Amino acid sequence: MGTSQSREDRITDSESEEDYEEEEEEEEEEQYDDASGDHQNPQSSSSTSSSGTHKSIDDIDAKLKSLKLKYNSRQQQPNPNLKNPVKLYLHIGGNTPKAKWVVSDKLTSYNFIKTSKINGDDDEDGDESDGGGGKGESWWVLKVGSKVRARVSTEMQLKMFGDQKRVDFVEKAVWALKFLTDEGYRNFVTQFQNCLFENVYGMEASEENKVKVYGKEFMGWVKPEAADDSMWEDAEDHNLDSTPVKGSQELMEEFEEAANGGVQSLALGALDNSFLVNDLGVQVYRNFNRGIHGKGICVKFDGGSYRSGVNMENSTPKKALLMRAETNMMLMSPANEGKPNATELKQVDIETGKIVTEWKFEKDGTDITMRDITNDTKGSQLDPSESTFLGLDDNRLCQWDMRDRKGMVQNIATSGSPVLHWTQGHQFSRGTNFQCFASTGDGSIVVGSLDGKIRLYSKTSMRQAKTAFPGLGSPITHVDVTYDGKWVLGTTDTYLILICTLFTDKDGKTKTGFSGRMGNRIPAPRLLKLTPLDSHLAGNNNKFHGGHFSWVTENGKQERHLVATVGKFSVIWDFQQVKNSAHECYRNQQGLKSCYCYKIVLKDESIVESRFMHDKFAVSDSPEAPLVVATPMKVSSISLSGRR
């Protein structure tokens, strides 16, 4: 387990001045090759450099200048006609004690090239190859000398250091470009952002096209410097119950237990118990102030009245939803391999350990599917009389009711084939491509889509979104919202997007985008990202998933942290720090503000889910309830220590 904060604010090099020039030529190629191979996972967080002997990238530059004086006869003079000159650095050693930055190319050039061959050798010259074709046929790549060729995308995890005239990014290794002038740095960032827009949307990054994609109301998302940030500023001091979080907090692992393998999902309770769903059944855990402890109880799937012919091997539930004061659980299994959509769900009585009902999704006499379900409100799982819940499919948003039309709960013994009643909702005719959703404390709904859009629906209507945020083009794979509905957190493969829903209406009243249209004074979102180095260490195929706020179910309580999972990392951000516009992460950035200050919990296998327990389980010496981290084989409880 480890903790993390941004590790790349200072680029380090451990070579001494005396032997750097002599060893550099023979070591560079070997170091470059090694960086593309295996690396060790971090044993602790990406933290600022702890070695006093490490030198920054500026020290390396100063060293090179001094070496030019000493060995001037050996130096070749830079070509004054070189277009887009840069210095190229390479990070080697992963997170080992020998990790360092080395100079890969003292002077080279970069170009943005439009091509249809990501690894080809075409378009060697120039920065504007016509490449032909539209979206999907050609795209922009960044080419740096002969060593780097990367498709321009969010997967590069580009991080800017305006004060150092430098950018870092990932392309099979971790690289840094140092520009010779401020103008050169700014030109690169502008070109990168324009190429990214074109690669995402398939059209040139003109003002007209940006309006077409985002709409006039959301131009602040394109030009954050012109956006209204007053709502972010106001929100910083208006939390009724938000204890400032100290930057020196430590993570302490309290419990770690075997989870009997095959963990698919985590269902945290706010009362006595929490639950893990695995291949065998539902494992029951006891909630404590320091985390969750196994009770040695397993509700096995074959303990209920399954219909004949059910293939247990292919019916392990992927989704678990607690209901009725956490005495019942709804389990949903995909109908087909590789797709999340389900045609039915099973209701488990946790107290008896039996599957009491198998419900079918049906509308107007026709079987339909659902890709996700959630509670009516953020705290309704605590309601002992709860009989309704929300459902989402690719083009459907609705509420289901387990009672029959006379108001009585259906009984499987008498109904034969019980059908959930579609009480309200909408079946959209056009492709909305809904992916995920969540509810607020009052029952408003936020929905994330494949095209990156995030829609806000009031508690009174599922037909028309009150507000539709355009997103940034990346599919929203998970979404969460604060209890008061003021903040929305969307998860994409490469970053989290934090949206403020607050606005001031024409009468001067402050509202959320769930209750009215936000007009044109819409705050720009903020992005939560991994540093390029941490992204590289997390692995090429590992993606962000399951971004959550910490959990409160009372008005006047404020969520304090955000957590998401990527590979073997659980990544934790301080919510108050992210909202602070003066936060050091946001200095010297161009474009949307991106926060890189976080802590990492590292496990020895890929993490299934990371969630904070209910706020009631926070203890006096901790600013937050414990974090529960589930892997396929283990479940851990981690506390944030408030002690220095």
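Residues numbered from 1 in each chain as written. Predicted model: local features only at pLDDT ≥ 70, side-chain atom pairs only at ≥ 80, totals over all residues. Heavy atoms only, no water.

You'll find the chain entered in an unreviewed UniProt entry as Vacuolar import/degradation, Vid27-related protein, with Theobroma cacao given as the organism.

S.K.: What should I look at first to understand the sheet that holds strand S19 (residues 372-375) in this one?
M.R.: Strand pairing in a sheet is mediated by backbone hydrogen bonds. Such pairs are either parallel or antiparallel. Strand order in the open sheet made by the four strands is S19-S20-S21-S22, with antiparallel pairing throughout. What marks the edges here is a single partner per strand, and that holds for S19 and strand S22 (421-427). Each adjacent strand pair in this sheet contributes to an overall mean axis angle of 20°, direction not counted. As defined by bridge partners, strand S21 (residues 396-401) adjoins S22 across six bridges and the pair is classed as antiparallel. The residue bridging Cys398 from the neighbouring strand is Gly425, located in S22. (Pairing = 2+ DSSP bridges. Helix = DSSP H or I, 4+ residues; strand = E, 2+ residues; numbered from the N terminus. Axes fitted to C-alpha atoms, helices over the stretch in contact; angles between N-to-C directions.)

S.K.: Help me understand the sheet that holds strand S10 (residues 273-277) in this model?
M.R.: In space, the four strands of this open sheet follow the order S9-S10-S11-S12, with antiparallel pairing throughout. Edge positions in the sheet fall to strand S9 (265-267) and strand S12 (291-300), since each of these pairs with one other strand and no more. The sheet shows a mean angle of 25° between the axes of neighbouring strands, taken without regard to direction. Relative to strand S11 (residues 281-288), S10 runs antiparallel, the two sharing five bridges.

S.K.: Explain the pattern of salt bridges here, please?
M.R.: Once the charged atoms of two side chains with opposite charge are near each other, the side chains can pair. Counted according to the given criterion, the structure contains 20 salt bridges. Residue Glu344 pairs with Lys346 through a salt bridge whose shortest N-O separation is 3.4 Å. Linking Asp604 and Lys634 is a salt bridge whose minimum nitrogen-to-oxygen distance equals 3.7 Å. In this pair, Asp604 is assigned in the loop between strand S37 (599-602) and strand S38 (609-612) and Lys634 in strand S40 (residues 634-641), connecting sequence segments 30 residues apart. Among the charged side chains, a network of salt bridges with common partners joins Glu256, Lys603, Asp604 and Lys634. (Salt bridge = Lys/Arg side-chain N within 4 Å of Asp/Glu carboxyl O.)

S.K.: Sorry if this is basic, but what is going on with the nonpolar core here?
M.R.: For soluble globular proteins, the rule of thumb is that nonpolar side chains tend to be buried together. Formed by 36 residues in total, the largest nonpolar core has its most connected members in Leu498, Leu562, Val571 and Trp573. Structurally, this core is a two-domain feature, drawing no fewer than three residues from each of domain 1 (85-116 + 138-205) and domain 2 (253-303 + 312-642). In contact with Trp573, not counting residues within four places along its chain, are Leu496, Leu528, Lys529, Phe544, Arg560, His561, Leu562, Ala564, Val578, Cys595, Cys597 and Tyr598. (Core = buried A, V, L, I, M, F, W, Y, C linked by side-chain atoms within 4.5 Å. Buried < 20%, exposed > 50% of the residue type's maximum accessible area, 1.4 Å probe, protein only. Domains from an automatic or database assignment. Contact = heavy atoms within 4.5 Å.)

S.K.: Got a minute to help me understand the confidence of the model for the chain in this structure?
M.R.: Reading fine detail from the predicted coordinates is not recommended where pLDDT is low. When pLDDT is averaged along the chain, the result is 81; 77% of the residues meet or exceed 70. When the criterion is pLDDT under 50, residues 1-7 qualifies, and its contacts beyond four places in sequence or with other chains add up to 48 contacts. Taken as a whole, residues 406-415 scores under 50 in pLDDT and shows 18 contacts with residues more than four places along the chain or in a different chain. (pLDDT = per-residue confidence, 0-100.)

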